[in-house]
Each structure stands twice: as structure tokens, then as C-alpha cells.
Amino acid sequence: GAGVSQSPRYKVAKRGQDVALRCDPISGHVSLFWYQQALGQGPEFLTYFQNEAQLDKSGLPSDRFFAERPEGSVSTLKIQRTQQEDSAVYLCASSLVIRVGRTEETQYFGPGTRLLVL
Amino acid sequence: AQRVTQPEKLLSVFKGAPVELKCNYSYSGSPELFWYVQYSRQRLQLLLRHISRESIKGFTADLNKGETSFHLKKPFAQEEDSAMYYCALMTEYGNKLVFGAGTILRVKS
């Protein structure tokens, strides 16, 4: 079946502009994650949804970052008043189950959105 | 806070040589450890996880709690193993993955 998809794949924004990044998880996947990957670094956790509930937003770097998943499927990551330090690849991942103990759960990643803020 | 360290940014080996990609972690609880791989122009994908105790594409990794390490090994490297490899940790309490900075593996012919 189709994997996780993200759009746009590339986004160039002027400093101060607002951007919205979309993630379509695998159908039926309960959990959805956003990660930020700066150049030369590994992905860093931003936020996590279980269905429509945002259960962990501890990784969001500032109040300019906002994520939502209103119907428990598609998610949008919005960045307001973009800054140059926001330039990164934004990865979305989804997984099937709610993690309970040591379940055999795998996070499936999308291709990412590469954001460049000028 | 949890931390994952991959000390090598680049590892270059010849085809047929053994490979060991190092991963050390900092966490006092009972973590779950993973190796993710990203081939050229492809998305990040799970290679293996310590809890499964599997060998995937000839790769194995053993969790050493005493040394807090989860090194990835393969006895004979192949050219198609060339990729970026990330070690990642998940705590027993949460769902998020904590990644290392990654190691580029280049297998030369």
C-alpha cells in the first residue's frame, strides 16, 4: 500500500513568512510523529499525536511552531514568522499501534519536506 | 535526558571487509534500541531493532547494557550497503525516537 506522504517536498520561504507542511500517514495508523532534521544531524523529535490528540509537544522549539491533526488522519505542521534557523528537513512518521509495553511497533517515515528560509 | 552518540561521521571500507558502526547511548532505564538506514534518494527505514534479535541483510546488533552500546556489525560488506545509518533509542515510557547524528557507510569496490 501507499506509504507516508508529505507535501510540499521542497519549500523556500522568506524570513518572516508563515509555512504549512502536510503529512498523510499510512491509512489506519493511530500514531503520528513530526521530527526536524538539521543539516548533518539526526532527526529530532518535535511532537506526537495519538489519533487527534496531541500527547507530546515537548520538542517544539518555540511557540512559532504549531501542529494539528483534527480528524486523526492528516496532520499539518505550521511554522509562523519563519527564521533562518528553521531551515531543515521536516519528517513525518506514522505507526499502527498505540505503544503499550514492548510492542512490535515500527515508525514508518515519509520522504520529508525540505524547508529553506532565506 | 537521553542521548545517542555515533562517533564516526564516515566509515569507508572495501567490499568484503567486516563492518562495525558504533553506537553508544546514555539512559539509565530500559531502552529499546534501533538502527535505521537511509539509502540514496530513499526515505528513512527501519533496519533492525534489538528486541527482535534478527539479522537483516546480514547485519546484526547486540545491546550491551554494561557498555551502553548497540554497535551494528556485518562480516562482509557489500556495495549496496552504502548508505547513511542512524542509531536510535526509545525509552520504556514514551514513543519518540532519539537519534544519533548518523554515520555514512561507503563500501568501495
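Every chain is numbered independently, its residues counted from 1 as its sequence is written. To label them, take the chains in the order written and letter them from A, then take the ligands in the order written and number them from 1. Reporting of local features is limited, given that this is a predicted model, to residues whose pLDDT is at least 70; pairs of side-chain atoms are given and counted only at 80 or more, and all residues count toward the totals for whole chains, interfaces and linings. Hydrogens are left out, water is left out, and the side-chain values use all remaining heavy atoms of the structure.

(A) Representation of the interface of chain A and chain B in the model. By the convention used here, residues are in contact when the closest approach between their heavy atoms is within 4.5 Å. If you look at the interface, chain A gives 24 residues, while chain B gives 22 residues. Buried area: the accessible area, evaluated with a 1.4 Å probe, that two parts lose upon being put together, summed over both parts. Of the roughly 1900 Å² buried at the junction of chain A and chain B (both faces included), carbon and sulfur atoms supply 46%. The term salt bridge refers to a side-chain nitrogen of Lys or Arg lying within 4 Å of a carboxyl oxygen of Asp or Glu. Our enumeration of links across chain A and chain B arrives at 0 salt bridges. Here a polar contact is taken to be a pair of N or O atoms separated by no more than 3.5 Å, where protein atoms must pair a possible hydrogen donor with a possible acceptor and residues adjacent in sequence count only if both atoms sit in side chains. For the interface between chain A and chain B, the tally reads 5 residue pairs in polar contact (both at pLDDT 80 or more). Contributing elements (two or more residues each) for the side of chain A that touches chain B: strand 4 (31-37) and strand 5 (44-50) of chain A. The helix and strand labels rest on DSSP assignments: H or I over at least four residues marks a helix, E over at least two residues marks a strand, and numbering proceeds from the N terminus. Here the element with the most residues in the side of chain A that touches chain B is strand 4 of chain A; it accounts for 3 residues.

(B) Structural view of the pairing of strand 3 (residues 19-24) of chain A. All names here are of chain A. Each residue's exposure class comes from its accessible area (1.4 Å probe, protein chains only) as a fraction of the maximum for that residue type: buried when under 20%, exposed when over 50%, partly exposed otherwise. Of the two faces of strand 3, the one lined by Val19, Leu21 and Cys23 is fully buried and the one lined by Ala20, Arg22 and Asp24 carries no buried residue. As judged from the 5 bridges shared by strand 3 and strand 8 (residues 75-79), these two strands associate in the antiparallel manner. The residue of strand 8 that forms the bridge with Ala20 is Lys78. Paired strands, in this sense, are two strands between which DSSP finds at least two bridges.

(C) Quick peek at the state of the cysteines. Residues and elements named next belong to chain A. Cysteine sulfur atoms that come within 2.5 Å of each other are treated as a disulfide pair. If you walk through the whole model with that rule in mind, you get 2 disulfides over all chains. A sulfur-sulfur separation of 1.9 Å characterises the disulfide bridge that pairs Cys23 with Cys92. The sign of the S-S torsion, about -65°, decides the handedness of the disulfide formed by Cys23 and Cys92: left-handed. Taken together, the residues span a long stretch of sequence, with Cys23 in strand 3 and Cys92 in strand 9 (residues 88-95) at a distance of 69 residues.

(D) How the structure looks around the pattern of salt bridges. What the rule picks out here adds up to 7 salt bridges over all chains. Linking A:Arg22 and A:Asp24 is a salt bridge whose minimum nitrogen-to-oxygen distance equals 2.7 Å. Judged by its relative accessible area of 22%, A:Asp24 is partly exposed. Between B:Arg49 and B:Glu32 there is a salt bridge whose closest N-O contact spans 2.6 Å. Taken together, the residues span a long stretch of sequence, with B:Arg49 in strand 6 (residues 45-49) and B:Glu32 in strand 5 (residues 32-38) at a distance of 17 residues. Owing to a relative accessible area of 5%, B:Arg49 belongs among the buried residues under this scheme. Residues joined in a network through salt bridges with shared partners are B:Glu20, B:Lys22 and B:Lys73.

(E) A look at the packing of aromatic side chains. Centres within 6.5 Å make a pair out of two Phe, Tyr or Trp rings, where for Trp the six-membered ring is used; the pair is then stacked when the planes are under 30 degrees apart, edge-to-face when over 60, and tilted otherwise. Evaluated as defined, the whole model comprises 11 aromatic pairs over all chains. Ring geometry for A:Phe109 against B:Phe99: centres 6.1 Å apart, planes inclined by 75°, an arrangement best described as edge-to-face. Residue A:Phe109 is located in strand 10 (residues 108-109), and its partner B:Phe99 is located in strand 10 (residues 98-99); the two belong to separate chains. Assigned by exposure class, A:Phe109 and B:Phe99 land together as buried. Aromatic ring contacts, followed pair by pair, group A:Phe33, A:Tyr35, A:Phe45, A:Tyr48, A:Phe109, B:Phe34, B:Tyr36, B:Tyr86 and B:Phe99 into a single cluster.

(F) Fine view of the sheet that holds strand 7 (residues 60-61) of chain B. Residue and element names in this part refer to chain B. Spatially, the 3 strands line up as an open sheet ordered 3-8-7, and their pairing is antiparallel. Strands at the two margins of the open sheet, each flanked by one partner only, are strand 3 (19-21) and strand 7. With 3 bridges connecting them, strand 3 and strand 8 (residues 72-74) associate as antiparallel partners. Across the sheet, the residue bridging to Glu20 is Lys73, located in strand 8.

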